[in-house]
Amino acid sequence: MSRLRYINVSVRSRLAVPLLLTMTAASLMAAAPRVLIVDVDGMIHPVTVDILSRAIQQAKQEDAALIVVRLNTPGGLMDAMRESIEKIIASPMPVVTYVAPSGARAASAGFFILEAGDVAAMAPGTNTGAAHPVMIGGEMDAIMKQKVENDAAASLRSIVGKRGRNSDLAEKAVRESQSFTDKEALDNHLIELVARDDRDLLEKLDGREIARLDGARQVLHTRGATIEVYQRTLRQKIVSAIADPNIALVLLVLGALGIYMEFTSPGLIVPGILGAILALLGLSAISVLPINWLGAALLLLAFALFILEAKFATHGILGTGGALSMVLGAVMLIDSPVPEMRVHLSTAIALALPFSLITILLLSLVLRARRNKVVTGPEGMLGEIGTALTPLAPDGKVLVRGEYWNAVSPAAVAAGVRIRVTAIDKLKLTVEAVSPRNGA
């Protein structure tokens, strides 16, 4: 009996050990902090604001301890930059801005977002700065330039000063377009950390006390944290992709071509549907970009020249002018000082030449078809030659196109004489005799 008890106790002990280990591991996993990483790469535009907003909302729902905004951007639109900074500052959990990976940059508007983080960090081999504001749509006069610079500098000073960073040097990035490597930024107190990768960053953040912008102080616990990368929604992926001016222009041109094909050949349906979808996507992408109306006018001029080339025989002069106008219009369509926000010359040429040839060809076919004699319907019978089967005095029967018709003739026509159709009234033809050739 005692032996049986010993066996039961031994079995229970063996079962309890793995159960205890499992519970301990689960407890450690539950206790591990969660960190959400969100990538802000490419141009900063309204989609960037939506991505940051949804990432912060997701981090709040999952009770994340920290958000890491991984930056790799040449800059972007000032309004989108300000809204992004507002989202970062209003975040209920600390936000670390991190320029990564090596070779990345946070230039222009990206520098403002970098300095907005509770902790600013950079990876080795990255750079930041060059935050001088540039007005889109033309040169600023001296007074307006000073106003914009002062506003941007004051906005940056208000953030950098409260973060305990070098506000004087940060202001030089705005007024003098100064840029800084990761080492220069660290040595001059523009950032707090230089970290190799995400895991190294979290190791260096562990135990660091930070001051939120509202004055609250918080100690970060990030050692062994569970890292989760924010996944963009399908809409965000699509809009981010087409926000590239080159892609937006391609969509717009292809959409216009599809719609034109539907108008010239009604009933095809597919080109019209696809063209409308592509055109709407292109217009939605261009709507968030700074448009130069001179470029838009040149594109409209190009279409007008293509139409005139098909209508008048100019031996390609108008078509060449249209192609040149389209290239210039495409290059000038997006007015931005940032190269990444402009249409490339190679893209403009690659679009303009094929589009010019296709458009002129389609227009030529349409105009040629309209000039040709109608061969179907009632109008197609006019001028047709046939034979009088019975005397026409004035009514009788004729044979036209292998079909028997009732006919009437103003002058008497004998049977067997060749006739020509001059009019048609429902199912009755008006004909006249055809004079014999060579007076025979």
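What this report covers is the structure whose coordinates are included nearby. This is a predicted model, so every value here is computed, not measured.

Reading the values: the criteria
Residues numbered from 1 in each chain as written. Predicted model: local features only at pLDDT ≥ 70, side-chain atom pairs only at ≥ 80, totals over all residues. Heavy atoms only, no water. Helix = DSSP H or I, 4+ residues; strand = E, 2+ residues; numbered from the N terminus. Buried < 20%, exposed > 50% of the residue type's maximum accessible area, 1.4 Å probe, protein only. Contact = heavy atoms within 4.5 Å. Areas by Shrake-Rupley, 256 points an atom, 1.4 Å probe, with all protein chains shown as cover. Axes fitted to C-alpha atoms, helices over the stretch in contact; angles between N-to-C directions. Parallel < 35°, antiparallel > 145°, perpendicular 65-115°, else oblique. Left-handed = near helix turned anticlockwise from the far one by under 90°. Nonpolar A, V, L, I, M, F, W, Y, C, P; charged D, E, K, R; others polar. Pairing = 2+ DSSP bridges. Salt bridge = Lys/Arg side-chain N within 4 Å of Asp/Glu carboxyl O. Polar contact = N/O pair within 3.5 Å; in protein donor to acceptor, adjacent residues only side chain to side chain.

### Examining the overall build of the chain
A tally of helices and strands in the chain yields 14 helices and 16 strands. Counting only residues that meet the buried cut, the chain has 40% of its 440 residues in that class. Of the contacts formed within the chain by residues at least 6 apart in sequence, a portion of 63% connects residues at least 24 apart. Carbon and sulfur atoms form 62% of the exposed surface of the chain, whose accessible area is close to 23800 Å².

### Focus: the packing of helix α5 (residues 142-162) against helix α6 (residues 167-175)
Helix-helix packing: each pair is described by the crossing angle between the helix axes and the interaxial distance. Here α5 crosses α6 at 150°, and the two axes come no closer than 9 Å. In terms of orientation, α5 lies roughly antiparallel with respect to α6. Here the hand of the crossing between α5 and α6 comes out right-handed. Along its contact with α5, which presents Glu 149, Asn 150, Ala 152, Ala 153, Leu 156, Arg 157, Val 160 and Gly 161, the element α6 presents Ser 167, Ala 170, Glu 171, Val 174 and Arg 175. Within the contact of α5 with α6, the residues separate by chemical class into six nonpolar, three polar and four charged.

### Some points on the sheet that holds strand β14 (residues 403-408)
With respect to topology, five strands assemble into a closed barrel ordered β12-β13-β14-β16-β15, the strand pairing being mixed. In this sheet, neighbouring strand axes are inclined to one another by 55° on average, regardless of whether the strands run parallel or antiparallel. In this structure, strand β13 (residues 395-400) lies alongside β14, joined through six bridges in antiparallel fashion. Across the sheet, residue Val 398 finds its bridge partner in β14, namely Trp 405.

### Things to note about the pattern of salt bridges
What the rule picks out here adds up to 24 salt bridges. In this structure, Asp 200 engages Arg 196 in a salt bridge whose closest nitrogen and oxygen atoms are separated by 3.7 Å. On the basis of relative accessibility, which here comes to 10%, the residue Asp 200 falls in the buried class. Ionic pairing is found between Arg 217 and Glu 209, a salt bridge with its closest N-O pair at 3.5 Å. Glu 209 sits in the partly exposed class, given a relative accessible area of 46%.

### Thoughts on the environment of Ile 291
Structurally, Ile 291 can be placed in the loop between α11 (270-287) and α12 (293-311). Considering only alpha carbons, one finds Ile 291 and Met 332, 41 residues apart in sequence, at a separation of 8.5 Å.

### What about α6?
Along an α-helix, residues three or four positions apart point the same way, because every turn accommodates 3.6 residues. For α6, every residue scored as buried is listed here: Leu 169, Ala 170, Glu 171, Ala 173 and Val 174. Against the buried residues of α6 lie α4 (109-116), β6 (127-129), α5 and β7 (179-181). Regarding α6, its N-cap is Asn 166, as a side-chain oxygen of that residue lies 3.3 Å from the backbone nitrogen of Asp 168 further along. Phi turns positive, to about 55°, at Ser 177, one or two residues after α6.

### A word on unusual backbone geometry
Cis geometry marks the peptide bond from Ala 100 to Pro 101; its omega dihedral reads 0°. On the secondary structure map, Pro 101 appears in the loop between β3 (95-99) and β4 (105-107). With an omega of -5°, the peptide bond running from Ala 393 to Pro 394 counts as cis. Here Pro 394 is to be found in the loop between β12 (385-388) and β13. Even without being glycine, Ser 108 reaches a positive phi, approximately 50°. With respect to the helices and strands, the residue Ser 108 is situated in the loop between β4 and α4. Of note, the phi angle at Arg 401 is positive, near 60°, even though the residue is not glycine.

What is shown is where atoms sit, not what they do.
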